[in-house]
Amino acid sequence: MWFMRQAGRSLPEYRRVRADVPMLEACARPDMIVEITMQPVRRHGVDAAIYFSDIVVPLKAIGVDLDIKAGVGPVVADPIRDAEGVKRLRDLEPGDVHYVTEAVGELVGELGETPLIGFAGAPFTLASYLIEGGPSKNHERTKALMYGEPELWDELMRRLSAITLEFLRVQIAAGASAVQLFDSWAGALSAEDYRASVLPHSTWIFERLRDADVPRIHFGVGTGELLSLLSEAGADVVGVDWRVPLDKAAQRVQPGTALQGNLDPATLFAPWEVVADRTRDVLSRGAAAEGHVFNLGHGVLPTTDPDVLTRLTHLVHEETER
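Residues numbered from 1 in each chain as written. Predicted model: local features only at pLDDT ≥ 70, side-chain atom pairs only at ≥ 80, totals over all residues. Heavy atoms only, no water.

Note the cut-off: UniProt positions are given in the numbering used here, feature names are shortened, and annotations may be inferred rather than shown by experiment.
Looking at an unreviewed UniProt entry, one finds the protein chain named Uroporphyrinogen decarboxylase, with Nocardiopsis mangrovi as its source organism. The heading Sequence similarities (unreviewed entry) in the UniProt record of the protein chain holds the text "Belongs to the uroporphyrinogen decarboxylase family." Taken verbatim from the UniProt record of the protein chain, the Catalytic activity (unreviewed entry) comment is "uroporphyrinogen III + 4 H(+) = coproporphyrinogen III + 4 CO2".

A closer look at helix H3 (residues 30-44)
The α-helix advances 3.6 residues per turn, and as a result positions three or four apart in sequence lie on the same side. Our working rule: Counting from the N terminus, the helices are the DSSP runs of H or I reaching at least four residues and the strands are the DSSP runs of E reaching at least two. Multiply 1.5 Å by the residue count of a helix minus one, and that product is the helix's expected span. Fitting axes to the seven residues ending at a residue and to the seven starting there, one defines the bend at that residue as the angle between these axes. A simple rule labels every residue: compare its accessible area, found with a 1.4 Å probe on the protein chains alone, to the largest value its type can have, and call it buried under 20%, exposed over 50%, or partly exposed in between. Residues are treated as being in contact if the distance between any of their heavy atoms lies within 4.5 Å.
Across its 15 residues, H3 extends 22 Å between first and last C-alpha, which sits within 8% of the 21 Å expected from 1.5 Å per residue. At Met38, H3 is deflected by roughly 25°, the largest bend along its length, and proline Pro40 occurs up to four residues later in sequence. H3 sits mainly inside the fold: 11 of its 15 residues count as buried. Listed as buried for H3 are Pro30, Met32, Ile33, Val34, Ile36, Thr37, Met38, Gln39, Pro40, Val41 and His44. Buried-residue contacts for H3 involve helix H1 (12-17), helix H2 (23-26), strand E1 (49-50), helix H6 (98-111), strand E4 (116-121) and helix H15 (306-321). Gly45 lies just past H3 and shows a positive phi near 75°.

Focus on the sheet that holds strand E7 (residues 237-239)
Formally: Two strands are said to pair when DSSP picks up at least two bridges between them. Axes here mean lines fitted to C-alpha atoms, for a helix over just the part in contact, with angles spanning 0 to 180 degrees between N-to-C directions.
Here seven strands make up an open sheet; going across it, the order is E1-E4-E5-E6-E7-E8-E9 and the pairing parallel. Edge strands, defined here as strands with exactly one partner in the open sheet, are E1 and strand E9 (292-296). The pairing of E4 with strand E5 (residues 178-183) spans five bridges and is classified as parallel. Bridge pairing in E5 links Gly121 to Phe182. Against the sheet, helix H14 (residues 272-286) engages strand E8 (258-263) and E9, with an angle of about 150° to E9.

A few points about the nonpolar core
Selection rule: Think of a nonpolar core as a cluster: buried Ala, Val, Leu, Ile, Met, Phe, Trp, Tyr and Cys residues, connected wherever their side-chain atoms sit within 4.5 Å.
If you look at the biggest cluster of nonpolar residues, it comprises 114 residues, and the most contacted ones within it are Phe3, Leu160, Tyr194, Phe294 and Leu312. With 12 residues, the top contributor of residues to this core is helix H9 (residues 150-174). Among residues more than four places away in sequence, those in contact with Tyr194 are Asp183, Ala186, Leu189, Leu199, Ser202, His218, Leu226, Leu229 and Leu230.

Focus: the environment of Gln260
Filter applied, for reference: Here a polar contact is taken to be a pair of N or O atoms separated by no more than 3.5 Å, where protein atoms must pair a possible hydrogen donor with a possible acceptor and residues adjacent in sequence count only if both atoms sit in side chains.
Summarising the element assignment, Gln260 is placed in strand E8. According to the relative accessible area criterion, Gln260 is buried, its value standing at 1%. Note: C-alpha distance between Gln260 and Gly239 (21 residues apart in sequence) is 4.4 Å. For Gln260, the residues in contact, after removing those within four places along its chain, are Trp2, Gln180, Ile217, Val237, Val238, Gly239, Val240, Val293 and Asn295. At a separation of 3.2 Å, a polar atom in the side chain of Gln260 contacts the side chain of Trp2. Looking at Gln260, its side chain comes within polar contact range of the side chain of Gln180, at 3.0 Å.

Re the pairing of E8
The element E8 is largely enclosed, with a buried count of six among its six residues. Two strands pair when backbone bridges link them, and E7 and E8 are joined in this way by three bridges, in the parallel orientation. In the sheet register, Val237 faces E8, and the bridge partner there is Ala258. For E8 and E9, the ladder comprises five bridges, and the chain directions are parallel.

Some points on the environment of Lys137
Following the sequence through the fold, Lys137 ends up in the loop between helix H7 (123-132) and helix H8 (140-148). For Lys137, a relative accessible area of 82% translates into the label exposed. Along the backbone, Lys137 and Asp65 are 72 residues apart, and their C-alpha atoms lie at a distance of 22 Å.

Some remarks on the pattern of salt bridges
This is how the line gets drawn: By salt bridge we mean one thing: a side-chain nitrogen of Lys or Arg within 4 Å of a carboxyl oxygen of Asp or Glu.
Enumeration according to the criterion identifies 19 salt bridges in this entry. In this structure, the salt-bridge partner of Asp307 is Arg43, at a minimum N-O distance of 3.7 Å. Residue Asp307 is located in helix H15, and its partner Arg43 is located in helix H3; the two are separated by 264 residues in the primary sequence. According to the relative accessible area criterion, Arg43 is partly exposed, its value standing at 28%. One salt bridge connects Asp281 with Arg285, and the closest N-O pair in it is separated by 3.0 Å. Here the residue Asp281 and the residue Arg285 both occupy positions in helix H14, the gap between them amounting to four residues, near one helical turn. By relative accessible area, which is 30% here, Arg285 ends up partly exposed. Members of the salt-bridge network, linked through shared partners, are Glu13, Arg43 and Asp307.

This is the structure in structure tokens:
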């Protein structure tokens, strides 16, 4: 078990370390990456560490003018909406993210037997940030380009897929034990659109990670209707958000696919008895899957009491040792 966004604002030690340091600077400093990644492992006793970074880090590394604004998220100064913009996206080289190699190497040594999960943003989600210029509720410019200029869309997705693949390969080469592909905005798509315009590119990434011999996790938010396609892309594990019970999700993924999730993050604000009951229900339903990695159905919310996360970790360990 581990928690998405376990290294983050819910921890007072994280807030102290990050106090005056911009997010993208923190993501490029090995000392900070190591410290922040280790914090939840020390505090909660989770079974895995998740590499501290952000999905736009490889875009910043190849020269995209972007920043992460507090309370907003990634903001792109010059959104990509035409062929000239797409051509500006060059390949990612390992030297562009040398700090990732250094940080992962240090983390692997410090973690010992505890695995480190690497991650990257999926091409569709990266494309949406680049086209919209920042977070979007409706992804209208993204969909307009996808529907209206399919050849340009495919070229953009090919370039982003190559960048994502290299970012994951750098983490694996440095010692990451598993990787997760985050497609945060995939739930904005219909199954038909996902299959036609996104699935081929995510599949391309997973196929080229097969030889790395590490578990591959695929997660998206609001993707209940896409679970079979997320699985079809080739992941070993499919992350499920809180909207679909795990026993139902197990019926939607490919045979042999494990599930990850999926306690609603908001549950952690309820009385402990409710948290415990709902956790046991997730564990019970997860037994229907080929394998189950306990997690939340999305990231830890910033105002979550970290003591509840520690207590939850202990509960899951106690329940699954029986």
